[in-house]
Amino acid sequence: MTPVRILLIAHAPLAHALRDAALHVFNDCGGGVLALDVEAQAEPEDTLQNARNLLRDVEDAPLLVLTDIFGATPSNVALRLAEGRNARVLTGVNMPMLLRAWCYRAESLESVAARAQAGGTQGILLAGGSAPQNQSPRLHHDSEHRHDQQ
């Protein structure tokens, strides 16, 4: 099975910034994660052509396109790019989504897309406060210092 390729299409400079951050974590992802920054004045047709040019060497590979905002130019270009291809488009890209997609790229495209979506949503946490992460605050104190945790 051909590994899933990942294409980031986002408002400049987000796509390349996310790719660079992924390379910081997984230095082997360079060839499997491509990035296209959409400049403010870029025409959608030009952006679509630039995306097609980026994918010229991997046209037959399954493709997961991660983009930033649904309905904006990058996602509209991504949806047009995915037409007629073995591709899926996810919007709301974030670092946990990208890293999850990279880690599971050997699975089917549908599985990678589902894992990326889960990683993206599970990576959003309200951090801080008095309770340690991943633990509930204690509601009562046991006089024998036995604290029940679930």
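For the structure, check the block above.
The rules we used
- Residues numbered from 1 in each chain as written.
- Predicted model: local features only at pLDDT ≥ 70, side-chain atom pairs only at ≥ 80, totals over all residues.
- Heavy atoms only, no water.
- Pairing = 2+ DSSP bridges.
- Helix = DSSP H or I, 4+ residues; strand = E, 2+ residues; numbered from the N terminus.
- Right-handed = clockwise from strand over helix to strand, strands pointing away.
- Buried < 20%, exposed > 50% of the residue type's maximum accessible area, 1.4 Å probe, protein only.
- Lys, Arg positive; Asp, Glu negative; His and termini not counted.
- Salt bridge = Lys/Arg side-chain N within 4 Å of Asp/Glu carboxyl O.
- Polar contact = N/O pair within 3.5 Å; in protein donor to acceptor, adjacent residues only side chain to side chain.
- Contact = heavy atoms within 4.5 Å.
- Core = buried A, V, L, I, M, F, W, Y, C linked by side-chain atoms within 4.5 Å.
- Axes fitted to C-alpha atoms, helices over the stretch in contact; angles between N-to-C directions.

Visitor: Give me the pairing of strand β4 (residues 87-90): which residues, what numbers.
Guide: Pairing geometry for strand β3 (residues 63-67) and β4, over four bridges, is parallel. Counterpart to V65 in the pairing with β4 is V89. The parallel pair β3 and β4, bridged by helix α3 (residues 73-82), forms a crossover whose chirality is right-handed.

Visitor: Could you give an account of the side chain of D37, naming the residues involved and the relevant values?
Guide: Structurally, the position occupied by D37 is in strand β2 (residues 33-38). One buried charge, D37, has no salt-bridge partner; the nearest side chain with opposite charge is R19, at 9.8 Å. A distance of 3.5 Å separates a polar side-chain atom of D37 from the backbone nitrogen of L14. Among the polar contacts listed, one links the side chain of D37 to the side chain of H16, at a separation of 2.6 Å. Leaving out residues up to four positions away in the same chain, D37 has contacts with A10, H11, A12, P13, L14, A15 and H16.

Visitor: I'd like a rundown of the nonpolar core, residues and numbers included.
Guide: Ranked by internal contacts, the top residues of the largest apolar core, which has 23 residues, are I6, L8, V33, L64, L66 and L98. If you list the elements that add at least two residues to this core, you get β1 (5-11), α1 (14-25), β2, β3, α4 (95-103) and α5 (109-122). The element contributing the most residues to this core is α4, with five residues. Beyond its immediate sequence surroundings of up to four residues, V33 is in contact with I6, L8, R19, L98 and W102. L7, L34, L48 and L55 belong to the second largest nonpolar core, which has 17 residues in total.

Visitor: Requested: an account of the sheet that holds β4, with residues and values cited.
Guide: Read from one edge of the open sheet, four strands run β2-β1-β3-β4, paired in parallel fashion. Only two strands of the sheet have a single neighbouring strand rather than two, namely β2 and β4. Across the sheet, the mean angle separating the axes of adjacent strands is 20° when strand polarity is ignored. As defined by bridge partners, β1 adjoins β3 across five bridges and the pair is classed as parallel. Note on β3: the bridge partner recorded for I6 is L64. Sitting on the sheet, α4 is in contact with β1, β2, β3 and β4, with an inclination near 165° to β1. Each of β3 and β4 is contacted by α5, which is oriented at about 10° to β4, the strand it contacts most.

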